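Topology and contacts: notes
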Amino acid sequence: MRAHGELHHPLLLLLLLMPLLGYSLDPPFSCDWSNALSRNFAFCQQTLSINRRVENLIAHLSIEEKISQLGDVAPPIPRLGVPGYKWWSESLHGVSNAGRGIHLDTGVRAATSFPQVILTAASFNPLLWYRIGQAIGIEARGIYNGGQAEGLTFWSPNINIFRDPRWGRGQETPGEDPMTTSKYAVAYVRGLQGDTFQGSRSIELKASACCKHFTAYDLDAWKGITRYVFDARVTTQDMEDTYQPPFRSCIKDGRASGIMCSYNRVNGVPSCADYDLLSKTARGQWGFNGYITSDCDAVSIIHDAQGYAKTPEDAVADVLKAGMDVNCGGYVQKYAGSALQQRKITEGDINRALHNLFSVRMRLGLFNGNPKYKPYGNIGSNQVCTKEHQNLALQAAQDGIVLLKNAANLLPLSRSKVTTLGVIGPNANNAEKLLGNYAGPPCISVTPLQALQSFVGNTRYLPGCDSAACTSSQINEAVQLAGSVDYIIMFMGLDLDHEREELDRVDLVLPGMQQSLITSVARAARKPIILVLLCGGPVDVAFAKHDSKIGGILWGGYPGEAGGIAIAQVIFGEHNPGGRLPVTWYPQEFTRVPMTDMRMRADPATGYPGRTYRFYRGRIVFRFGYGLSYSRYSHGFSSISGSTLYLNNTISLQAVERSGTLSYDIEEIGSEACEKIKLPTVVKVENHGPMDGTHPVLLFLRWPNALEGRPVKQLIGFKSVHLKAGERANVEFAVSPCEHLSRVMEDGRKVIDKGSHFLMVGKKELEITMMA
């Protein structure tokens, strides 16, 4: 028999051990109504407005308590029943434990790992993007409600423009196009925060999204220049039509509740110390309602690395007066007190920041009692890694994979006609390499090799290289394997040792001996080989594009936990690829352009080629929007309500003349008149077979010329449509001339040119004439 008082019930033992195991039954929250203390605080009264509740809470705080809340690790305030809060959590393409707020080490140990953003963007399907954000938000809430999180603020999405192919973090972004990136930001944020796809608000925030990195940030570490000291010199024109639109959309349309200011300076001013950027533009012009965080240690570098601030106290004053609210790191917590004593900041500056911080925590429902009994309380840890979410991860990988080459219709392979298969590549048998950066532990792990073995039992594998760096190779063994099997599939490309945060590339070619290995295997193979490229940024594979012994090329990005399965299904025809490249694939010669040159527009006088499909004038390997299918699709314009628009039928305008072209100022036209001249445009699409498929329809605009800084062409709309073989569909676009036919002038003004504009879809064009 046990002695009196000895533990004798296993459940009791488990409950007592739970604190030691690192998680609790309940998530942290304020205003526990079972605690009499909470009933006395106005900030706990849900009948009051959030503004009044926050004001009351701040009034209860001492100056020391106030300063303690200005870091991403905010300590508890026990006397008020306020628990600690950790602002930094990550959910770029699935809930991750990369930050401080999520703990996937006990209980729930995995979360659905969706494809890296660059591949998901290749689907050009905003509804899919929304559903991914929605799934991540559900899993985030489930983990929080299960007591394995200390925050619900997630520092994603990354919506910087992927304007240089060498950028190590380009993989995190939706690509190089401002409109695509804007639509991705809106869809993801609405899904994560709990709004509807159309934008109707939720009762409270399911989770908080933070759009980063504000702004003009796309250099990490290149040839000795780091993001910590880089000063991005950006013209007003480029800022308005390239760098800012995704953030404007994220705030105005997505209603993101967070923004992260970036490490770099923009035109001499650190982003986190830029009042015009944070307060005047984001809050004033765009109506931002949320909190602004620094990137981690971005406040300290204003003094320590950039020398912009003379003292630490000056750095704290610069960011708080600019409009930043919370510092990722402890720098503001450390120096705000002395900055206050030196009268470089006021208590009002601190209160302003706290108001934004506590407002977001209240909007998340964390001051309304136990979240388990509130609107999202029914979301538990059992909604993490659900079959529905894993199927969505598979769909995202399937729809993002891009078929770049399919000579003589080599693909898809017929399962019944392949008896032996050879798989070569260092990343073909490593599931972790499929995830990309900022990935959490996935629900499942299936390598491409394992997936292909489920199609062909007699599959032989050879790494071919020691790693993606391929400093040593097995060319002789690979050649021998190539000559002994029916088909060869090679998995080559990059990994996080070549592209990631704090690591940009200096070359665009495949690393090490990869090209030599590929061409040697291709020459020895019985039939043309299939090359699968796993990478975030583009690579110069012109050699493979033009090699007749390489019959098929697929780009798989970093396809996530289900990527191995998706690639195998595409190769064997269980899925018809429909992805389109969200970035231009440049040749190696592009590396002559300094990463530090932020200009978007080409300068023929100096040989500067420009950047992205909108302005680049140079040789390409694969163009933006390129992608093949196993089916053939045709497009045409079906109807349009008049191809000539008379602006002065509605309003009286003054034209601006530049280089013989008359242009009309959008601001002068006004929103009411802009609404009246919208053009409903219908594109006919037909799938001529032989397979059913999901097909992104991309609608472009081009001008008669690219003078005066006009883009070569501009994506103005896209929709994804699923068509059975032989099926037709009408895809409708609402073309708004003020939004879609306009361009940005050097001074930042948006104008519409008088004269011809051409809508383009596939190889079809439709002329629209703007008349005065």
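To be clear, the structure that these remarks concern was listed above.
In this report, we go over the structure that sits alongside the text.

Calculation rules
Residues numbered from 1 in each chain as written. Predicted model: local features only at pLDDT ≥ 70, side-chain atom pairs only at ≥ 80, totals over all residues. Heavy atoms only, no water. Axes fitted to C-alpha atoms, helices over the stretch in contact; angles between N-to-C directions. Helix = DSSP H or I, 4+ residues; strand = E, 2+ residues; numbered from the N terminus. Parallel < 35°, antiparallel > 145°, perpendicular 65-115°, else oblique. Left-handed = near helix turned anticlockwise from the far one by under 90°. Contact = heavy atoms within 4.5 Å. Nonpolar A, V, L, I, M, F, W, Y, C, P; charged D, E, K, R; others polar. Pairing = 2+ DSSP bridges. Disulfide = S-S within 2.5 Å. Buried < 20%, exposed > 50% of the residue type's maximum accessible area, 1.4 Å probe, protein only. Salt bridge = Lys/Arg side-chain N within 4 Å of Asp/Glu carboxyl O.

A short note on the packing of helix α16 (residues 475-482) against helix α17 (residues 514-524)
Think of two packed helices as two axes; the pair is described by the angle between the axes and how far apart they sit. The geometry of α16 relative to α17 is characterised by a closest axis approach of 8 Å and an angle of 30° between their N-to-C directions. As judged from the angle between their axes, α16 and α17 are roughly parallel. Helix-helix and strand crossings are classified by hand; for α16 and α17 the assignment is right-handed. Here I475, A478, V479 and A482 of α16 come into contact with α17, specifically with S516, L517, S520, V521 and A524. Residue classes in the contact of α16 with α17 are distributed as 7 nonpolar, 2 polar and no charged.

As for the pairing of strand β27 (residues 750-753)
Bridge count for strand β21 (residues 661-665) against β27 is 3 bridges, and the pairing is antiparallel. Bridge pairing in β27 links D665 to V751. Between the antiparallel neighbours strand β26 (residues 743-744) and β27 lie 5 residues, among them G748 with a positive phi of about 95°.

Regarding the state of the cysteines
Disulfides are covalent bonds that connect the sulfur atoms of two cysteines. This model, assessed by the stated rule, comprises 7 disulfides. Across a sulfur-sulfur distance of 2.1 Å, C261 and C272 are joined as a disulfide pair. Disulfide C261-C272: the torsion about the S-S bond is 105°, which places it as right-handed. Of the two residues, C261 sits in strand β8 (residues 258-261) while C272 sits in the loop between β10 (269-270) and α9 (275-285), which places them 11 residues apart along the sequence. Given the relative accessible area of 0%, C261 is considered buried. What pairs with C296 in a disulfide is C328, and their sulfur atoms sit 2.0 Å apart. Note on the C296 and C328 pair: the S-S dihedral is about 60°, so by sign convention the disulfide is right-handed. Of this pair, C296 sits in the loop between β11 (291-294) and α10 (298-304) while C328 sits in the loop between α11 (312-322) and α12 (331-341), and the two are 32 residues apart along the sequence. Sulfur of C210: no disulfide; nearest cysteine sulfur belongs to C211 and is 6.9 Å away. Free cysteine C535: the closest other cysteine sulfur is in C465, separated by 15 Å.

Some words on the pattern of salt bridges
Inspection of the entire model under this criterion finds 38 salt bridges. Put simply, E347 and K66 hold a salt bridge, and the shortest N to O gap is 2.6 Å. Residue E347 is located in helix α13 (residues 347-363), and its partner K66 is located in helix α3 (residues 63-68); the two are separated by 281 residues in the primary sequence. The exposure class assigned to E347 is partly exposed, which follows from its relative accessible area of 36%. Given a relative accessible area of 5%, K66 falls into the buried group. With its nearest N and O atoms 3.1 Å apart, the salt bridge here joins R169 to E501. Of this pair, R169 sits in the loop between β3 (153-154) and α6 (178-193) while E501 sits in the loop between β15 (487-493) and α17, placing them 332 residues apart in sequence. The same class applies to R169 and to E501, which are both buried. A network of salt bridges, in which partner residues are shared, links R169, E172, D220, R227, E501 and E502.

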